[in-house]
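Okay, here's what each chain looks like letter by letter:
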Amino acid sequence: QIDAIRAEAAKRNAPIHILIDVIHVLQYLHHAAHILHNDDTDAAVAEWALTILNGRSADVVDHLAAAAATRNDPEDRKKIGETV
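Each value, and the rule that gives it
- Each residue is numbered by its place in its chain's sequence as written, counting from 1.
- Only residues with pLDDT of at least 70 are given local features in this predicted model, and only at 80 or more are side-chain atom pairs given and counted; all residues enter the totals for whole chains, interfaces and linings.
- Based on all heavy atoms of the structure, the side-chain values leave hydrogens and waters out of the count.
- A run of H or I in DSSP counts as a helix once it spans at least four residues, and a run of E counts as a strand once it spans at least two, with each numbered from the N terminus.
- Think of it in three bands: with a 1.4 Å probe and only protein chains considered, a residue is buried below 20% of the maximum accessible area for its type, exposed above 50%, and partly exposed in between.
- Exposure above 30% relative accessible area and the lack of any salt bridge qualify a residue for a patch; like charges then connect within 9 Å, and the nonpolar side chains Val, Leu, Ile, Met, Phe, Trp and Tyr within 5 Å.
- Values of accessible area rely on a 1.4 Å probe in the Shrake-Rupley scheme; residue burial ignores everything except the protein chains shown.
- The term salt bridge refers to a pairing of a side-chain nitrogen on Lys or Arg with a carboxyl oxygen on Asp or Glu at a separation within 4 Å.
- Buriedness for pockets is judged along seven lines, at least five of which must meet protein on both sides within 12 Å for an open set on the 1 Å grid over protein atoms alone, while cavities are sets there where a 1.4 Å probe fits but cannot get out, and lining residues have an atom within 4 Å of a point.
- Grid points are joined across faces, edges and corners, and a volume is the space filled by probe spheres set on the points.
- Under this grouping Gly is polar, as are all residues other than the nonpolar Ala, Val, Leu, Ile, Met, Phe, Trp, Tyr, Cys and Pro and the charged Asp, Glu, Lys and Arg.

Visitor: Can you walk me through unusual backbone geometry in this structure?
Guide: Residues apart from glycine generally show negative phi values, whereas peptide bonds are mostly found in trans. Not every positive phi belongs to a glycine, and asparagine 13 is a case in point at roughly 55°. Tracing the chain through its elements places asparagine 13 in the loop between α1 (2-11) and α2 (22-37). Under the relative-accessibility criterion, asparagine 13 is labelled exposed at 71%.

Visitor: Please explain the environment of isoleucine 23 as it appears in this structure.
Guide: Note that isoleucine 23 resides in helix α2. Residue classification places isoleucine 23 among the exposed residues on the basis of a relative accessible area of 56%.

Visitor: What is the right way to look at a nonpolar patch on the surface in this model?
Guide: A cluster of nonpolar side chains, Ile2, Ile5, Ile16, Ile18, Ile20, Val22, Leu26, Leu50 and Leu53, forms an exposed patch at the surface whose accessible area comes to about 720 Å². Put simply, the parts of the chain that give the nonpolar patch at least two residues each are α1, α2 and α3 (42-53). Overall, the relative accessible area of 42% leaves isoleucine 20 in the partly exposed class.

Visitor: Would you mind going over empty space enclosed by the protein with me for this structure?
Guide: In this structure the tally under the stated criterion is one cavity of 30 Å³ or more. The space that makes up the largest cavity amounts to roughly 40 Å³. What lines the largest cavity is Ile20, Val22, Val25, Leu26, Ala49, Ile52 and Leu53. Elements that contribute at least two residues to the lining of the largest cavity include exactly α2 and α3. Across the lining of the largest cavity, the residue classes tally to seven nonpolar, no polar and no charged.

Visitor: Hey, could you run me through the layout of surface pockets in this one?
Guide: Unfilled space is identified by rolling a water-sized probe across the atoms. Roughly 800 Å³ of volume is contained in the largest pocket. For the largest pocket, the lining is made up of 23 residues, of which Ile2, Ile20, Ile52, Ser57 and Ala58 are closest to its centre. Those elements that provide at least two residues to the lining of the largest pocket are α1, α2, α3 and α4 (57-69). Examining the composition of the lining of the largest pocket, we find that five residues originate from one element, α4, more than from any other. Residue classes in the lining of the largest pocket are distributed as 14 nonpolar, five polar and four charged.

Structural measurements only, silent on function.
Printed below as a string of structure tokens:
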């Protein structure tokens, strides 16, 4: 979606600023980290959040999608998939 927004803005030569709802992003990341790392979630959430804030959200999405694919429990895969 962000690529589409940027493309439309470029067509119109319009500067844009993209804002994210950090609180909800952190909640989703914490949920995924809890599934993947049980009780040791803080380091994973911090790493992923910093990656997102540095403009590399696709890296986090790719990581979570790959992690979900390795889970044996279909419910875990579904829950992680819901976060990305």
